[in-house]
4 protein chains.
Amino acid sequence: MTSSKPSPGGARPMRADARRNRERILAAAEAVFAEKGPSASTEEVAARAGVAIGTVFKHFPTKQELLQAIMKDLLGRLDRDMAALAADDAPGEALFTFVARMVEQAAQKRTVVGLLAETGIDLQVASSVQMLHEGIATLLVRSQEAGTVREGVRPDEVIALLTGICQGALHAGWDRDLQRRTLAIVFDGLRASADRR
Amino acid sequence: MTSSKPSPGGARPMRADARRNRERILAAAEAVFAEKGPSASTEEVAARAGVAIGTVFKHFPTKQELLQAIMKDLLGRLDRDMAALAADDAPGEALFTFVARMVEQAAQKRTVVGLLAETGIDLQVASSVQMLHEGIATLLVRSQEAGTVREGVRPDEVIALLTGICQGALHAGWDRDLQRRTLAIVFDGLRASADRR
Amino acid sequence: MTSSKPSPGGARPMRADARRNRERILAAAEAVFAEKGPSASTEEVAARAGVAIGTVFKHFPTKQELLQAIMKDLLGRLDRDMAALAADDAPGEALFTFVARMVEQAAQKRTVVGLLAETGIDLQVASSVQMLHEGIATLLVRSQEAGTVREGVRPDEVIALLTGICQGALHAGWDRDLQRRTLAIVFDGLRASADRR
Amino acid sequence: MTSSKPSPGGARPMRADARRNRERILAAAEAVFAEKGPSASTEEVAARAGVAIGTVFKHFPTKQELLQAIMKDLLGRLDRDMAALAADDAPGEALFTFVARMVEQAAQKRTVVGLLAETGIDLQVASSVQMLHEGIATLLVRSQEAGTVREGVRPDEVIALLTGICQGALHAGWDRDLQRRTLAIVFDGLRASADRR
DNA sequence: CATGAATGAGTCTTCATTCAT
DNA sequence: GATGAATGAAGACTCATTCAT
């Protein structure tokens, strides 16, 4: 659930308890922001993590930076997910599987989704987004080679659809059935087809 | 840009200056919240509208109510859009036109989009959302009768896609071209096709 | 319920509808402040009186003045009460009757009571208070002449006891029985008695 | 002037500086509310205490809670007063001494008095009021045993008289002499007497 | 390093009062 | 005279951030 980003940049290696705290905070923050959106208070994050507020600010000098760290963490996990899928799943289905899985988890990931929409993409996480982009690109190419996605579709379209549908998934009245039907439409749109407009 | 909802319910007609102010506030609020999201301050709305803070609260006793009023206003305009399209456009294309138009305006409408995701749909605007639902349903049926949308697609899927894509349209790095390509995929998914999964 | 203070000082006689409004406002104010204490809003008074807020301020340019007017009104009525009692009741009992009656009504008169404690006695109502003082003095003297109140008791002590007990009567947990028993003690204290300390 | 209620309930002991501030705030609040009544601003309390506004709200998350804390504090001190009197004073006089002392201090205690009348007794302070009740009951019984208060008088009557007279003591024009004379009447009422009504 | 108390700018909201209609 | 919309100062409360312990 938590990243293992040990010591950043050229700093000295973090003390063990410090690293543990960092990860507890990150996990708590993800949970809290997931539940209450990014306007939840830092104090609540500290409480959930079982540390004092000062400790949170020691690790993440700004709320912004905490939010960015969550994003990075999340995107990193997505990247590993994708890599695993690329290795294990049928090449033609991996992209679909990945998208479906992300949408499914969207409700618990209000954070990523919300963050993207709320604060925009800061430069700090640009590299992580880049990672996502590349992962998607890989899955996409394989799908196209396998003939399950039509030629001409590009990664940014897939990302656009992905984030959009995830946003949608946060809404009230969005149940499993609606999710399945909506994805079906999008997947149909992605599939190779003779009668493209 | 602003509605003309004059005097609600069974009250006497609003004084001219009051109605003018109400609309200036609504317009200002829409603009401000569009730029900065729903957490922008009411004070800024007042400033942009050129009125004192008290005036905003006289018209909308709560920030929530102001946000809801924007929603209602916006949804009302959408409804009129849809009605016009249903009357004027080719039956098979009206739905596509409507969706495309909404997405196109999404950037200016960060509010609606954001609101739906942020605060959820309160009962106050439920009727307006209902309106949207019905409008979409009408357009959808016509498209299906015209054969441009496959049978089996239901209004809630269309709404889900619509809100999702609108959300997506708010992101940085989303340009006209990406918009066009993304919509093309979704529209392909909606079109009648022989090789339905 | 309302006073008939027609036109103040040397001003021209008030128009009939104006005087009617003045009294409706006074009555409404008394009711509202009685219910919610003197911090109730002037707007609510206007609403209860069925007039616009501007009208209230036309008659009473300041909330303070409105409160003072209520006081005067109330004290005037008390004065008439006392005069009637002085004329009708048994001389030895009139004072007791009056005090008991006031305490009984205290709950509905949170205003007077509250006002005295809250804002202190402004000079504006001093003359009215003087009236009360005189009325009490009259009743007191008669009681003493009738032998039901010991010599040496002075009007200001009676007023002090009166206001104090009225305050007490506003408290939660103060019922008719407690009221009776408390008054009995005070009345015993007032009665002539051989064994004064 | 201030209590020493250190750390409430089962929490860890408060840091020294925090407790010091808590007490400065409590003392400041008591003074401010005593002067201006319970509608005085929290900001002024903060200023008088020499802390920032946030600190006040950190210790007392609500103005209500601050007021209640003052009440508790005050009632606690009264309770200790009573206990001391019960131990030291002549049994027959302790009650009279206590009441007289309270009334004497009433001006500085506008808070207690005002609070009881203004906001009513919330459950939070109910236990403290209960304490007061019990203390009074003790003093009362001893007085009755000593024969200085007639049988049949009950604690709630004494409390009613006490609060009432305290209220009265807040008024303008209430001087030491009036106080003495008024109390004399009430004490006479409480004393055992042959000619009970 | 961790703690958590203190800070204070910023937010929402209320209300007495003014004044154009 | 009456109306009620507008004003804006003031109040309660929040929260990111700092810093003494």
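Residues numbered from 1 in each chain as written. Chains lettered and ligands numbered in written order. Predicted model: local features only at pLDDT ≥ 70, side-chain atom pairs only at ≥ 80, totals over all residues. Heavy atoms only, no water.

- Chain A appears in an unreviewed UniProt entry as TetR/AcrR family transcriptional regulator from Streptosporangium amethystogenes subsp. fukuiense.

1. Focus on the overall build of chain A
Here comes step 1: Helices and strands together make up the secondary structure of chain A, namely nine helices and zero strands.
Here comes step 2: Along the chain direction, N to C, the helices and strands of chain A fall in the order α-α-α-α-α-α-α-α-α.
Here comes step 3: Taking all 197 residues of chain A together, 49% fall into the buried category.
Here comes step 4: Put simply, 68% of the contacts in chain A that link residues at least 6 apart link residues at least 24 apart. (Helix = DSSP H or I, 4+ residues; strand = E, 2+ residues; numbered from the N terminus. Buried < 20%, exposed > 50% of the residue type's maximum accessible area, 1.4 Å probe, protein only. Contact = heavy atoms within 4.5 Å.)

2. Notes on the domain arrangement of chain A
How large an interface is tends to be reported as the accessible area lost when its parts come together.
All names here are of chain A.
Here comes step 1: Along its sequence, chain A is carved into domain 1 (14-61) and domain 2 (63-195).
Here comes step 2: Domain 1 puts 16 residues into the contact, and the matching count from domain 2 is 14 residues.
Here comes step 3: In total, about 1,300 Å² of surface goes out of reach between domain 1 and domain 2, with carbon and sulfur atoms giving 68% of it.
Here comes step 4: It is Glu30, Phe33 and Pro38 in domain 1 that bury the most area against domain 2; as a group they hold 43% of the surface buried on that side.
Here comes step 5: The tally of links between domain 1 and domain 2 comes to one salt bridge.
Here comes step 6: Residue Glu30 is joined to Arg77 by a salt bridge in which the shortest nitrogen-to-oxygen separation is 2.6 Å.
Here comes step 7: On the surface where domain 1 and domain 2 come into contact, there are three residue pairs in polar contact (both at pLDDT 80 or more).
Here comes step 8: Counting only elements with at least two residues in the side of domain 1 that touches domain 2, the list comes to α1 (16-36) and α2 (42-49). (Domains from an automatic or database assignment. Buried area = accessible area lost by both parts, 1.4 Å probe. Salt bridge = Lys/Arg side-chain N within 4 Å of Asp/Glu carboxyl O. Polar contact = N/O pair within 3.5 Å; in protein donor to acceptor, adjacent residues only side chain to side chain.)

3. A word on the UniProt feature "domain: HTH tetR-type" (unreviewed entry) in chain A
Here comes step 1: What UniProt calls "domain: HTH tetR-type" (unreviewed entry) maps, in this numbering, to residues 19-78 of chain A.
Here comes step 2: Note that residues 19-78 of chain A is 82% helix and 0% strand, and that its end C-alpha atoms are spaced 22 Å apart. (UniProt positions renumbered as here; feature names shortened; annotations may be inferred.)

4. Some thoughts on the packing of aromatic side chains
A ring pair, where both rings are aromatic, is described by two values, the distance of the centres and the angle of the planes.
Residues and elements named next belong to chain B.
Here comes step 1: Considering all chains together, one arrives at four aromatic pairs over all chains under this definition.
Here comes step 2: Look at Phe96 and Phe187: their rings are 4.7 Å apart centre to centre, the planes differ by 50°, and that puts the pair in the tilted class. Note that Phe96 is positioned in helix α5 (residues 94-105) and Phe187 in helix α9 (residues 176-190), a separation of 91 residues in sequence.
Here comes step 3: The positively charged end of Arg191 is found above the aromatic ring belonging to Phe96, 4.8 Å away from the centroid. (Phe/Tyr/Trp six-rings, centres within 6.5 Å; stacked < 30°, edge-to-face > 60°. Lys NZ or Arg CZ within 6 Å of the ring centre and 35° of its normal.)

5. A short note on the environment of His133 of chain A
Here comes step 1: Assignment of secondary structure puts His133 of chain A in helix α7 (residues 126-146).
Here comes step 2: Among all residues touching His133 of chain A, those that are not within four sequence positions of it are Pro155, Asp156 and Ile159 of chain A.

6. Digging into the UniProt feature "DNA-binding region" (unreviewed entry) in chain A
Here comes step 1: Within this structure's numbering, the places UniProt gives as "DNA-binding region" (unreviewed entry) are residues 41-60 of chain A.
Here comes step 2: Helix makes up 75% of residues 41-60 of chain A and strand 0%, whereas the separation of the span's terminal C-alpha atoms amounts to 14 Å.

7. Things to note about the environment of Ala27 of chain D
Residue and element names in this part refer to chain D.
Here comes step 1: Counting through the fold element by element, Ala27 comes out in helix α1 (residues 16-36).
Here comes step 2: Note on Ala27: relative accessible area 31%, which makes it partly exposed.
Here comes step 3: A sequence separation of 67 residues divides Ala27 from Ala94, and the C-alpha atoms of the two residues are 28 Å apart.

8. Observations regarding the pattern of salt bridges
All names here are of chain D.
Here comes step 1: Under the definition given, this model contains 48 salt bridges over all chains.
Here comes step 2: Residue Arg101 pairs with Asp81 through a salt bridge whose shortest N-O separation is 3.7 Å. Here Asp81 lies in helix α4 (residues 63-88) and Arg101 lies in helix α5 (residues 94-105), a separation of 20 residues in the sequence.
Here comes step 3: Given the relative accessible area of 31%, Arg101 is considered partly exposed.
Here comes step 4: By relative accessible area, which is 25% here, Asp81 ends up partly exposed.

9. Digging into helix α8 (residues 155-169) of chain C
Here comes step 1: Relative to the 21 Å expected for 15 residues at 1.5 Å per residue, α8 of chain C spans 21 Å between its end C-alpha atoms, a close match to the ideal helical length.
Here comes step 2: With 14 of 15 residues buried, α8 of chain C lies mostly within the body of the structure. (Expected span 1.5 Å × (residues − 1).)

10. Observations regarding the environment of Val56 of chain C
Residue and element names in this part refer to chain C.
Here comes step 1: With respect to the element layout, Val56 can be found in helix α3 (residues 53-59).
Here comes step 2: Taking relative accessible area as the criterion, Val56 reaches 1% and is therefore assigned buried.
Here comes step 3: Counting along the chain gives 13 residues from Val56 to Glu43, while the straight-line C-alpha distance between them is 8.7 Å.
Here comes step 4: Once you skip the residues sitting within four places of it in the chain, Val56 turns out to touch Ile25, Thr42, Ala46, Val51 and Leu66.

11. A word on α1 of chain A
Residue and element names in this part refer to chain A.
Here comes step 1: Here α1 is 21 residues long and its end C-alpha atoms lie 30 Å apart, about the 30 Å a rise of 1.5 Å per residue gives.
Here comes step 2: Of all the positions in α1, only Ala18, Arg22, Ile25, Leu26, Ala28, Ala29, Glu30, Val32, Phe33 and Ala34 are classed as buried.
Here comes step 3: In the segment just after α1, Gly37 is the residue with positive phi, at about 80°.

12. Re the confidence of the model for chain A
Here comes step 1: Scored by pLDDT, chain A comes out at a mean of 79, with 76% of its residues at no less than 70.
Here comes step 2: For the stretch residues 116-123 of chain A, pLDDT sits under 50, and the model shows 16 contacts to residues farther than four places along the chain or on other chains. (pLDDT = per-residue confidence, 0-100.)

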